[in-house]
Amino acid sequence: MVRPGDCRLSRRRRWVAAVGTLVVTLGVAVPALAQDSGPQDRTLQASGDRTSEVRNAIRGGRARNVILFIGDGMGDSEITAARNYARGAAGRLAMDELPLTGAYTTYSVQKGDPSKPDYVTDSAASGSGWATGQKTYNGAISVDAYGNPVPTLLELAKRNGYRTGDVTTAEVQDATPAVLGAHVVDRSCKGPESMARCPSNAKENGGAGSIAEQLVQTGPDVLLGGGKNYFDQKVRAGEFQGRTVLEQATAAGYQSVTDADGLARAGRDRPLLGLFADGNMEVQWTGPAARVGGTPPGTCQANPNLPAGAPKLADMTRKALDLLDRQDGNAGKGFFLQVEGASIDKQDHAADPCGQIGETVGFDEAVAAGTAFARSHPDTLVLVTADHGHTSQIIPNDAQSPGQTATLVTRDGVPMTINYGTSVAGRSQEHTGTQVRIAGYGPQAANVVGVTDQTEVFHTVSRALSLR
């Protein structure tokens, strides 16, 4: 007996087999490792009427905890490429399962004239937008368009008695983590020896210091990522003059760890500083880089340069949640935690689809950890979004693109061509000015629905935690 759809499935299997033959013929391995990473049971369900489901997801009131997930450069194209490759076209990522979804605008403003928009933001201005609730210029770290410091969500959360965390796969001094705990006029001013563009912020000139110094002074309870090089730089003025920023952190009470074992052993008795790389942390996957004229169909592999002792973003997220979710002290107060998947953006700049997709999948695993926590802690608000869009696009396999392309064989066994065309070959690809997705779960999550602006995240989190 032939069931409805059997002929269609048979044709699809023949097509999948043909692609597999093509890949083998071209000498491209198809490992299970990269394509099978993470949960695989998230498949498209029959839609039906979701009115009741959405109604039940709408909750006002206060939250005890907030987890803000930022996929740097993670526009809709980046999400779709990762979903297609790792889950299949009918699959679903963890971030797809959040019940309330909208979009927000990401533009920055011009330095010295906030009445004029800059349509394509960078990560510094975009992060400053949700961190402070104010638009600013590209390159600014939580200062307004005139260079004046503006209080951030993390600073306000600490002032109101909440525990705080800041987690990233980049240097902790990079733009997105920096906006929560520092105020400088240029994002490049990461350490005391890197202050050329921020003379007014330098300690020796009476300023608050570099991003690294200010992060220590702001004092999140958990600070995890890369950027050890800047903590090895020496402070140039003040109490810690001549000593390293890491020594300043130790004097402030931080325990410091440098690998996954140290992270696992870290206790709750002191704030935690995890520095897992001198610069940015290594990406999870590698594979064929996009090039003009395209590539043969290929697959992604585990990055051979990934240190064996490096924690994944999901590991750092789970540890941060464990350390921040405490009932001692002020039992009524919870935490504010920001988690960034940083190198989605960095690999998009490099026209590296496997690097980009692997980081999106790794970020999604962290989102899964955060939403699992929220399901068992219903007083938790989870927000998942991006700081800006980026360049990658999924295009027809036979398109004659003037840009750089790479073709990957997805979980469906079908080739997918990704195009990078916002800069010439050999130059960094560019951000785009598109609106990006924001999704939410928990108290106040309904405020993401529709089209809002990036700065609204500040107000949503502030309402949820009653920040003053």
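Our structure's up above, just so we're on the same page.
In this report, we go over the structure that sits alongside the text. (Residues numbered from 1 in each chain as written. Predicted model: local features only at pLDDT ≥ 70, side-chain atom pairs only at ≥ 80, totals over all residues. Heavy atoms only, no water.)

Brief notes about the overall build of the protein chain
Within the protein chain, the regular secondary structure consists of 15 helices and 18 strands. Counting over 468 residues, the protein chain shows a buried share of 57%. Pairs at least 24 residues apart make up 74% of the contacts formed inside the protein chain by residues separated by at least 6 positions. With the model as given, the accessible surface of the protein chain reaches about 18,800 Å², and the carbon-plus-sulfur share is 50%. (Helix = DSSP H or I, 4+ residues; strand = E, 2+ residues; numbered from the N terminus. Buried < 20%, exposed > 50% of the residue type's maximum accessible area, 1.4 Å probe, protein only. Contact = heavy atoms within 4.5 Å. Areas by Shrake-Rupley, 256 points an atom, 1.4 Å probe, with all protein chains shown as cover.)

Details of the pairing of strand 4 (residues 113-118)
As defined by bridge partners, strand 3 (residues 108-110) adjoins strand 4 across 3 bridges and the pair is classed as antiparallel. Residue Ser108 lies in a different strand from strand 4, and its bridge partner there is Asp118. Once strand 3 ends, the chain turns through 2 residues before running back antiparallel as strand 4, passing Gly112 with a positive phi of about 80°. (Pairing = 2+ DSSP bridges.)

Remarks on the environment of Thr460
You can see Thr460 is positioned in helix 15 (residues 456-465). Counting along the chain gives 77 residues from Thr460 to Leu383, while the straight-line C-alpha distance between them is 9.8 Å. For Thr460, the contacting residues outside a window of four places in its chain are Leu381, Gln444 and Asn447.

A word on the sheet that holds strand 8 (residues 272-275)
One open sheet accounts for 10 strands, arranged 7-8-6-5-12-1-13-17-2-18; its pairing is mixed. The open sheet has two edge strands, strand 7 (255-257) and strand 18 (450-453), and neither has a second partner. Ignoring which end each strand starts from, the neighbouring axes of this sheet average 15° apart. Where strand 2 (residues 100-105) lies against strand 17 (residues 436-441), 5 bridges are found, and the strand directions are antiparallel. Each bridged residue has a counterpart across the sheet, and for Tyr104 the counterpart in strand 17 is Val436. Here helix 15 sits on the sheet and contacts strand 1 (65-71), strand 2, strand 12 (335-341), strand 13 (380-386), strand 17 and strand 18; the angle it forms with strand 1, its principal contact strand, is near 160°. (Axes fitted to C-alpha atoms, helices over the stretch in contact; angles between N-to-C directions.)

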